[in-house]
Amino acid sequence: MAATQEKFRKNRALRFYNEVLGLDRLHYGLWNNSDTRNIDGLIQAQLRYEEFLSDEIDLLFPENSAARILDVGCGTGAMSEALYKKKINVEGLSPDLYQKELFEKRIPVPFHLARYQTFFAEKVYDLILMSESAQYIPLKSLFTKTNELLKDQGYLMVCDYFVLDQANGKMAKSGHRLSAFMEEANKNNYELVKEVDITVAVLPTLDTAKIFTEKYVLPTIDIIEEKFRERRPFIFKTLKWILRKKIAKAQEDMILIDSAEFRRNKKYLFFLFRRRTIGYNNFS
Ligand SMILES: C[S@@+](CC[C@H](N)C(=O)[O-])C[C@H]1O[C@@H](n2cnc3c(N)ncnc32)[C@H](O)[C@@H]1O
């Protein structure tokens with residue numbers, strides 16, 4: 001039986017961040033108190049986060065080393081580009097066609113159009129990097145695939161947010177449960193080498209999103225709504241009724257950009273794991 005062909009699409013949200021908001025990176029960033037809570041501040045915070053990860057990689061592999069790194073969920077390729085400039089052998093992976101275009105324009109290194117969990121490589125890597133992408137990969141496959149792709153004694157670097165045990169409802173929907181993630185890492189023989197809690201430094205991203213929504217998005221919707229209500233009252237009422245569930249959901253989703261809720265229910269963590277035991281790899 002022929003294997004089913006995986007389907008890949010272009011992510012429109014990313015196009016919006018990239019082309020409309022001018023954001024070249026897709027993560028929360030690492031804020032300083034002095035950063036202004038706007039898009040410029042976010043761009044600075046994102047650059048700082050990238051430097052933070054890049055410095056951690058420098059501690060493991062010096063510039064020009066032969067280390068092979070797989071940037072899983074590489075987004076626009078900004079992080080891969082920083083590593084490429086240090087003459088590190090980096091490759092990108094993402095299941096998104098728009099990201100493939102951006103990545104390939106950016107650097108002449110392999111890009112794998114794939115979901116991590118079904119990716120097949122004819123080589124192994126010294127480091128697998130998951131910068132805010134681990135949350136999209138089913139937990140068990142994240143580790144079984146990493147076992148396949150990582151050299152013995154290789155590193156898994158994960159920076160992402162995780163859901164705390166007490167969380168429930170909407171706040172528990174995105175991100176792996178922290179306790180389950182650590183249990184799976186342990187079961188698969190990954191030794192935790194370093195952990196840094198960066199929760200407080202990512203929160204301003206949510207505050208900025210909230211300010212942006214309250215200052216621009218909601219008033220714009222309000223003005224459009226008012227005009228439409230005045231000119232087409234019947235169609236307006238009908239549409240509002242048809243869309244009532246979507247409207248209620250959008251209102252409930254505001255909790256997702258509430259930094260106090262995030263802090264109560266999640267942690268944003270940097271983890272460096274090392275594969276502990278000599279496993280079996282098909283390639284060397
Ligand atoms: C929040 S973005 C982070 C992008 C980039 N690493 C960064 O730090 O800016 C999440 C990334 O994960 C990718 N992704 C989503 N599902 C994935 C999967 N199953 N396997 C690999 N990557 C995935 C997305 O396409 C995107 O590139």
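Just above sits the structure.
Here is a short report on the structure shown in this document. (Residues numbered from 1 in each chain as written. Predicted model: local features only at pLDDT ≥ 70, side-chain atom pairs only at ≥ 80, totals over all residues. Heavy atoms only, no water.)

### So, the site of the ligand
Now for step 1: As a structural note, the neighbourhood of the ligand is formed by 17 residues, with Leu26, Gly73, Gln99, Tyr116 and Ser131 the closest of them.
Now for step 2: Between Ser94 and the ligand, the recorded distance is 3.1 Å, taken from a side-chain N or O atom to an oxygen atom.
Now for step 3: A distance of 3.0 Å separates a nitrogen atom of the ligand from a polar backbone atom of Tyr116.
Now for step 4: When the ligand sits alone it has 590 Å² of accessible area, and the protein chains cover 88% of it.
Now for step 5: A breakdown of the residues in the shell around the ligand according to their chemical character gives seven nonpolar, eight polar and two charged. (Near = heavy atom within 4 Å. Polar contact = N/O pair within 3.5 Å; in protein donor to acceptor, adjacent residues only side chain to side chain. Areas by Shrake-Rupley, 256 points an atom, 1.4 Å probe, with all protein chains shown as cover. Nonpolar A, V, L, I, M, F, W, Y, C, P; charged D, E, K, R; others polar.)

### What about the packing of helix α5 (residues 139-149) against helix α6 (residues 178-187)?
Now for step 1: Where α5 contacts α6, the two axes come as close as 10 Å, and the packing angle between them is 30°. One finds that α5 runs roughly parallel with respect to α6. Crossing handedness for the pair α5 and α6: right-handed. Contacts between α5 and α6 involve Leu139, Lys140, Leu142 and Phe143 on the former and, on the latter, Ala180, Phe181, Glu184, Ala185 and Lys187.
Now for step 2: Split into classes, the residues belonging to the contact of α5 with α6 amount to six nonpolar, no polar and three charged. (Axes fitted to C-alpha atoms, helices over the stretch in contact; angles between N-to-C directions. Helix = DSSP H or I, 4+ residues; strand = E, 2+ residues; numbered from the N terminus. Parallel < 35°, antiparallel > 145°, perpendicular 65-115°, else oblique. Left-handed = near helix turned anticlockwise from the far one by under 90°. Contact = heavy atoms within 4.5 Å.)

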